[in-house]
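Examination of the molecular architecture
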Amino acid sequence: MDLAEIWRVMRRRWYVLLPGLLLTAALVAGVYVLVPVEYRSQSTVTLLNSKKATVAFDGNPFLSTQASLTGMADGLARNLNSDDSRADLKAQGVTGVYEAKIADNAQGPFMWLSVTGTDPAAVLKSDQVFTAYAEKRLTEFQAQQSVTPEAMIRMATIVPPQKPEAQTKTRLQYLIMAGALGFVLSLVATFFVEARRRRPDKPGRHRPSPAENVENAGADGVAGADGPGAGESRNTPASAGASP
């Protein structure tokens, strides 16, 4: 079946295809309304060496970096993603979904702190609370190990919580899936009806060909000509000649 034949079938069975397309449009509109747009805010922080460790660098923490800081950043991210931290953040009013992770392609102890939700104002506020909580949790984590304040690793905010940006990828995927599904089902229904209309006759039933129809019509005409009336007309002259 080529494209021309497909187009002819679609035109012939428009009464099946059109309702399917209307239902598809309604489905896409429903997904557009029911699936909300998500917003995401993100901040970037880094871990700095302690004041005691930066004495040799005139107190400049950016000149004193150690591999242990990256390990500490990984440990802090895992702690922030734990169930205990989630409960603490929820009690402080953090809504939406948050995540702490080491920044991609980072060449140091950089971390991304992000929050995703449907309310832009709440997302920004939650990311601000999350960033402050991360610094507080770093201090508590070291205090539990009896680390003196001068030897504690510090945190600095490189990029503060940014204005939430719309994340339309998920919503767009759902819209495409709904549209494609509805269109495919509409085509399936259209060609199903077309196949039913073209269904052959029942097995065993003979469909006469055009030539057979012509022969049958001719036979019927000859039979009509040879009827009783015709026989009587032929016998009349013979009877007349046989009379005395």
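Bear in mind that the values here come from a model prediction, so they are computed numbers and not experimental data.

With that out of the way, let us pick up helix α3 (residues 67-80). Taking 1.5 Å as the rise per residue, α3 with 14 residues should run 20 Å; its terminal C-alpha atoms sit 21 Å apart, in good agreement. Buried-residue contacts for α3 involve β1 (38-48), α4 (83-91), β2 (97-102), β3 (110-117), α5 (120-143) and β4 (154-159).

Between helix α1 (residues 3-12) and helix α2 (residues 14-34), the shortest axis-to-axis distance is 5 Å and the interhelical angle comes to 85 degrees. Compared by their axis directions, α1 and α2 come out roughly perpendicular. Contacts between α1 and α2 involve Met10, Arg11 and Arg12 from the former and Trp14, Tyr15 and Leu17 from the latter. In the contact of α1 with α2, the residues fall into four nonpolar, no polar and two charged.

This part covers the side chain of Thr54. Within the secondary structure, Thr54 sits in the loop between β1 and α3. Thr54 gets classed as buried once you look at its relative accessible area, which sits at 2%. Looking at Thr54, its side chain comes within polar contact range of the main-chain oxygen of Lys51, at 3.0 Å. Residue contacts for Thr54: discarding those within four places in its chain leaves Asn49, Gly59, Asn60, Pro61, Ser64 and Arg154.

Attention shifts here to the confidence of the model for the protein chain. Of all residues in the protein chain, 81% attain a pLDDT of 70 or more, and the chain-wide mean is 83. The least confident element of the protein chain is helix α8 (residues 228-242), whose mean pLDDT is 47; the most confident is β3, at 95. Here residues 230-244 is a poorly scored stretch, pLDDT under 50, and it has two contacts once near neighbours within four places are set aside; other chains count.

About the cut-offs
- Residues numbered from 1 in each chain as written.
- Predicted model: local features only at pLDDT ≥ 70, side-chain atom pairs only at ≥ 80, totals over all residues.
- Heavy atoms only, no water.
- Helix = DSSP H or I, 4+ residues; strand = E, 2+ residues; numbered from the N terminus.
- Expected span 1.5 Å × (residues − 1).
- Contact = heavy atoms within 4.5 Å.
- Axes fitted to C-alpha atoms, helices over the stretch in contact; angles between N-to-C directions.
- Parallel < 35°, antiparallel > 145°, perpendicular 65-115°, else oblique.
- Nonpolar A, V, L, I, M, F, W, Y, C, P; charged D, E, K, R; others polar.
- Buried < 20%, exposed > 50% of the residue type's maximum accessible area, 1.4 Å probe, protein only.
- Polar contact = N/O pair within 3.5 Å; in protein donor to acceptor, adjacent residues only side chain to side chain.
- pLDDT = per-residue confidence, 0-100.

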